[in-house]
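# Summary of the model geometry
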Number of protein chains: 2
Amino acid sequence: MKSKICEILDIEFPLLAFSHCKDVVAQVSKAGGMGVLGAVGMTPEILEQELNWIDQNVDGKPYGLDLLVPNNFVGKEGSVDPKDLAEMIPQEYRDFRADVLDKYEIESDGLREQTQDYSNWGANMKEDGATEMLQIGFDHGVKLYANALGVPPKWMLDLCKKNNVPVAALVGKKEHAVKQVEAGVDILVVSGTEGGGHCGSVSTMVLVPEVHRAIQPIKDVPILAAGGICTGEQMAGAMAMGASGAWCASVFLTTSEAETSEVVKEKMLHASSDQTVRSRSRTGKHSRQLKSDWTDAWESPDAPDPLPMPLQTMVSEPALAKIDKASDVGHEGAKKLATYWVGQGIGLVNEKLTAGQTVQKFKEEFIDAYERLNSFME
Amino acid sequence: MKSKICEILDIEFPLLAFSHCKDVVAQVSKAGGMGVLGAVGMTPEILEQELNWIDQNVDGKPYGLDLLVPNNFVGKEGSVDPKDLAEMIPQEYRDFRADVLDKYEIESDGLREQTQDYSNWGANMKEDGATEMLQIGFDHGVKLYANALGVPPKWMLDLCKKNNVPVAALVGKKEHAVKQVEAGVDILVVSGTEGGGHCGSVSTMVLVPEVHRAIQPIKDVPILAAGGICTGEQMAGAMAMGASGAWCASVFLTTSEAETSEVVKEKMLHASSDQTVRSRSRTGKHSRQLKSDWTDAWESPDAPDPLPMPLQTMVSEPALAKIDKASDVGHEGAKKLATYWVGQGIGLVNEKLTAGQTVQKFKEEFIDAYERLNSFME
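Treat the numbers as computed from the prediction; the structure is a model and nothing was measured.

### A look at the overall build of chain A
Looking only at helices and strands, one finds 18 helices and 11 strands in chain A. At 20 Å, chain A has a C-alpha radius of gyration in line with the 21 Å of a compact globule built from 378 residues. Projected onto the principal axes, the alpha-carbon positions of chain A cover approximately 60 × 45 × 40 Å. A burial count over chain A gives 62% of its 378 residues as buried. Considering only contacts in chain A between residues 6 or more positions apart, those separated by 24 or more positions represent 67%. For chain A, the exposed area adds up to about 14100 Å²; of that, 48% sits on carbon and sulfur atoms. Placing the 37 positive and 55 negative side-chain charges of chain A at their respective mean positions leaves the two points 4 Å apart.

### Side note on the sheet that holds strand β11 (residues 287-290) of chain B
Residues and elements named next belong to chain B. The strand order across the open sheet formed by 3 strands is β7-β11-β10, and the pairing between neighbours is antiparallel. Two strands lie at the open edges of the sheet, namely β7 (197-198) and β10 (276-279), each paired on one side alone. Both β7 and β11 contribute to a ladder of 2 bridges, which runs antiparallel. Bridge pairing in β11 links H198 to S287.

### A word on the interface of chain A and chain B
It is common to report an interface's size as the accessible area lost on association of the parts. With 52 residues of chain A at the interface, the matching set in chain B holds 52 residues. Here chain A packs against chain B, burying approximately 4400 Å² in sum over the two surfaces, 58% of which is carbon and sulfur. On inspection of chain A and its partner chain B, the count reaches 6 salt bridges. One salt bridge connects E233(A) with R213(B), and the closest N-O pair in it is separated by 3.0 Å. For the pair chain A and chain B, the interface holds 28 residue pairs in polar contact (both at pLDDT 80 or more). Among the secondary structure elements, those contributing two or more residues to the side of chain A that touches chain B are α10 (174-183), α11 (204-215), α12 (232-240) and α18 (355-375) of chain A.

### Focus on the sheet that holds strand β3 (residues 64-67) of chain A
Residue and element names in this part refer to chain A. Within the closed barrel, the 8 strands sit side by side as β1-β2-β3-β4-β5-β6-β8-β9. Their pairing is parallel. Across this sheet, the average inter-strand angle for adjacent strands is 25°, counted without regard to direction. Summarising the sheet, strand β1 (residues 15-19) and strand β2 (residues 34-38) pair through 4 bridges and their orientation is parallel. What sits directly across from S19, in β2, is L37.

So, how was this worked out
- Residues numbered from 1 in each chain as written.
- Chains lettered and ligands numbered in written order.
- Predicted model: local features only at pLDDT ≥ 70, side-chain atom pairs only at ≥ 80, totals over all residues.
- Heavy atoms only, no water.
- Helix = DSSP H or I, 4+ residues; strand = E, 2+ residues; numbered from the N terminus.
- Rg over C-alpha atoms; globule rule 2.2 N^0.38 Å.
- Buried < 20%, exposed > 50% of the residue type's maximum accessible area, 1.4 Å probe, protein only.
- Contact = heavy atoms within 4.5 Å.
- Areas by Shrake-Rupley, 256 points an atom, 1.4 Å probe, with all protein chains shown as cover.
- Lys, Arg positive; Asp, Glu negative; His and termini not counted.
- Charge placed at Lys NZ, Arg CZ, Asp CG, Glu CD.
- Pairing = 2+ DSSP bridges.
- Buried area = accessible area lost by both parts, 1.4 Å probe.
- Salt bridge = Lys/Arg side-chain N within 4 Å of Asp/Glu carboxyl O.
- Polar contact = N/O pair within 3.5 Å; in protein donor to acceptor, adjacent residues only side chain to side chain.
- Axes fitted to C-alpha atoms, helices over the stretch in contact; angles between N-to-C directions.

Right, here's the structure in full:
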């Protein structure tokens, strides 16, 4: 396809798949799109293993890496040791978390120690940790870096430029897009409020053309439309409105390769578009998740107001890990609580496919949409 | 253009403009689209006058009429006299309203009597009132009826069928669309959460293809995409995804003909897409409005929880009428409070055009988007 995204990334079809699963990353790249591995939360050792596996399974096709390097978060300045972060969580939050688990008859012991483990997530966001992660990627010939939160720090942009790796940045509002372009990012991932994970308040339908218009006087940086896109028709629609490709995640969560728990996969395949919630309860910033008894509990009036990053992650993730583990072996309470990040587009995903089949389906639906639009002009 | 919407409505370009302004309705129809007059809140006498004016100014082009005939609301069963509705509003709401006005130095006297006047809005929603309004439309040769809230009652659908007038219905979720098609509506207005006025939680980007797929096994009822659409590129994008045309309102609010107050027009022309709020504070149901000090006040923790329809309208509208009147003559406090329903797409509307120029702009942008999508396939 003739798109600036295809030129920059040297791919055939401008569909990017964000995934925490190495298998999805490799399959999407092999099918002509580009897989982007979400590496936040990984240790350098794990990242090294994952990239080795991808290199052996991607047939030489290009793939990307996604980190989360925000400009502001608790513990950023190095003044807080990761070990002390756990102590910053008020008891009320630990109690609320334990109460929810108790109510659904899930053991809440050991959570304190696991909370500590998740402070590593905070370490990766700092310059030292992130530089180490970036270097591992460079060594493996990663072809794209994406930063999912705010303007990437200058040191990150400079380092990627030096290594000839384009940088993509996620934006949720026009003003942020302008800042990103001025800072020098190479690709904008314009993500609407309907998207899974971190999201703003403006919809993809509005944000894509709004950003497209706003950046033209500065630089015509290519746009990947994100948020709610789970079909090739939507990808074509977004590209008619100003995007040069699409950035998807939710549609790959239900693929047979994905690491998503089977319980959550089944929930997602049966979910309508209105069964997600945009909430600060998982990370401290607004992120969209599949509605479940867990998200309902955190949306209830007696739930404590979410903590800033990465503290809220340290509250929620250990509990959600327990929930996933229990739901995998059929625990009824855990199945009710099980959730994961997902966008409204999940309402359009109703059959389990492989990641490769998903890319193929996008291509076919893209052609359908193209022909549909042409038919109005005959 | 070759679209089912053009066939059914006998128009050239499948762009429908919802407006409370007769001038906008006439201009859009004359420019090749179709104007749809929002008649809720009008008395039969006013409606008669408005339609006479349109008939004299529309050059024989077709136009539509929009009513609000929900299946459930306070006073529906005829058990509540419109006069008694005002008495159902708790004093707390009257006090809160007066306090906001006082804080901005706007006289709050006379509000009680005006609150009474707005009970007429409730009268039009009942069968007697709505039938009278429909008949006036039939007598004027109205070519489309739209019902902006829920499945139209069977008596309404039957009456329109008898008079050979197609019925369009607004839907905000897949399940409602299926019900509407089963009830026999002729056109679905599929409206995303980013839209102005009443709206659901699902975005246009997701809802249009989701509804399009869901209704195929029942009946291929044509879809007008609504919610956030203020440009021809977005219209083309939505049509690539399954729509057969677009239903717009916000983009016409800033046109030179529109009845919108000058203060609000200026605010809208300068607003970004994130300067709207989805709130129950204006009508009792979720509707999207331009953010202002008025909407901020109702979103604050000390604001009372909005009342059901039409009671909340009776609380808000008299105050907003005072605010509009004062802001028109330059009252600084009133200018801060002034607001109106509007969608996120207003971030894409930055210049004041006539309604006719707006339709022309849509046509040009549609062609641009069509060519853009084609360029990817070369």
